[in-house]
Amino acid sequence: MTITTRSIAQHESEWIYSTFLTRQLNLSSLNDYIHQLPMVPLVVELYIFLCGYAFNPTMVPVWLGLVHVFTLVGLSANAVPRFSGTMTNEQWGKFLLTIDSNKRGHVNMAFYLATVLVTLLLTELGKASFATTRPRIPNAGYSTIFNADDNNAIKWKRRFGSLVASLKSKHSFPSGDSAQAMNLCLFFLRYIPTTSTSATITVGSHIMPVRDIALFSLFLPGVVFARVFYLCHWLEDCIGGVSLSLLIHWLIIPTVKESLVAIARSLGLI
């Protein structure tokens, strides 16, 4: 007995799911394996849920608040700022130090919100362009599915499935949540300094805050896994979302940053 999450003919006819990458990494089998994972312990699913729900629109104020707090802490008058070792982080941090301390957090909040909106716009354009299908939810929805062949043992269950899947758009590729997760990780790495007392790890010539290492190694993979676990996406969607965010930060966000600073200066806000 298996949990069917795709119309095989329709899914495999979409070229984005039959590429060299899918074949080499055997992503079709991995997709099926994650989709069909049975019920996991509550404490494990709480972690998966928090990652999967992290970029629901209702969570935007939380992330804006965290950006504000971490910016103020990183540029606190009582501690020496420590930059992550990237030129971008150091340049932006030194810029923030030139403006009024009461405005630094708000400037970074506005900047982060701009990156969120740019990422949202481009992922939605991607979804409309590729128009790929999402995994199919079982007929019973996210409710418990029992295995009649095994004394009605629980075969499959997603406790928070309906909540995680709320407010999702119609199409699948690229994953907006994965793109936003990568956007958040890159924003913290590149635009939010830490202090001299923050825990760091030196990697080559780069000083990596433990905060950022945790984001990239625990949070980002958690979001990717959760979006597949809750039948919102295929792994290819998540890889596409992460890759899109990297391109956005490389090609577009620097221009967004300069435009934001120019607007703020023209309005006399900084």
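See the structure printed just above.
Before going into details, it helps to say that this report is about the structure given with it.

Thresholds, definitions, all that
One numbering rule holds for all chains: residues counted from 1, following each sequence as written. A pLDDT threshold of at least 70 governs which residues receive local features in this predicted model, and a stricter bar of 80 or more applies before side-chain atom pairs are shown or counted, although totals over entire chains, interfaces and linings include all residues. Side-chain numbers here rest on the full set of heavy atoms in the structure, without hydrogens or water. Helix and strand assignments come from DSSP, with helices taken as H or I runs of at least 4 residues and strands as E runs of at least 2, each series counted from the N terminus. For each residue, the accessible area found with a 1.4 Å probe, counting protein chains only, is set against the maximum for its type, and the residue is called buried under 20%, exposed over 50%, and partly exposed in between. Two residues qualify as a contact provided that any one of their heavy atoms is within 4.5 Å of a heavy atom in the partner residue. Here the expected length of a helix is defined as 1.5 Å per residue gap, with one fewer gap than residues. Remark: nonpolar core denotes a set of buried residues (Ala, Val, Leu, Ile, Met, Phe, Trp, Tyr, Cys) joined through side-chain atoms within 4.5 Å. Only the stretch in contact is used when fitting a helix axis, every axis being a line fitted to C-alpha atoms; angles between N-to-C directions are given from 0 to 180 degrees. For this classification, under 35 degrees means roughly parallel, over 145 means roughly antiparallel, 65 to 115 means roughly perpendicular, and everything else is oblique. Note on convention: near helix rotated counterclockwise from far helix by under a right angle means a left-handed crossing. Clockwise means right-handed. In this description, the arc belongs to the directions extending from the helix axis to the C-beta atoms.

1. Re the overall build of the chain
No. 1: Across its full length, the chain holds twelve helices and six strands.
No. 2: For the chain, the residues scored as buried account for 47% of the 270 residues in total.
No. 3: A fraction of 80% describes how many contacts in the chain between residues 6 or more apart in sequence connect residues 24 or more apart.

2. Regarding helix H10 (residues 210–229)
No. 1: Taking 1.5 Å per residue as the helical rise, H10 with its 20 residues ought to reach 28 Å, and the 27 Å between its terminal C-alpha atoms agrees with that figure.
No. 2: Phi turns positive one or two residues past the end of H10, at Leu231, with a value near 60°.

3. Regarding the side chain of Arg227
No. 1: As for its placement among the helices and strands, Arg227 is situated in helix H10.
No. 2: The contact partners of Arg227, leaving out residues within four places of it in the chain, are Gly52, Val164, Ser175, Asp177, Ser178, Cys232, His233 and Cys238.

4. Side note on the nonpolar core
No. 1: With 56 residues, the main nonpolar core has Phe55, Trp92, Tyr112, Phe219 and Tyr230 as its most contacted residues.
No. 2: In this view, Phe55 contacts Trp63, Tyr112, Asp177, Gln180, Ala181, Leu184, Phe219 and Val223; residues no more than four positions away in its chain are not counted.

5. Structural notes on the packing of helix H5 (residues 60–74) against helix H7 (residues 101–130)
No. 1: Closest axis-to-axis distance for the H5/H7 pair is 8 Å, and the angle between their directions is 140°. On the basis of the axis angle, H5 is oblique to H7. The two elements H5 and H7 meet at a crossing, and its hand is right-handed. Facing H5, whose interface residues are Val60, Trp63, Leu64, Val67, His68, Thr71 and Leu72, H7 presents Ser101, Arg104, Gly105, His106, Asn108, Met109, Tyr112 and Leu113.

6. Quick look at helix H12 (residues 253–266)
No. 1: In this model H12 runs 20 Å from its N-terminal to its C-terminal C-alpha over 14 residues, within 8% of the 20 Å that 1.5 Å per residue would give.
No. 2: For H12, the full list of buried residues reads Ile253, Val256, Lys257, Val261 and Ala264. Buried residues along H12 cover an arc of 130° about the axis, so they all sit on one side. The outward face of H12, more than 90 degrees from its buried face, is lined by the exposed residues Arg265 and Ser266.

Interpretation note: all reported values are geometric properties and have no functional meaning in isolation.
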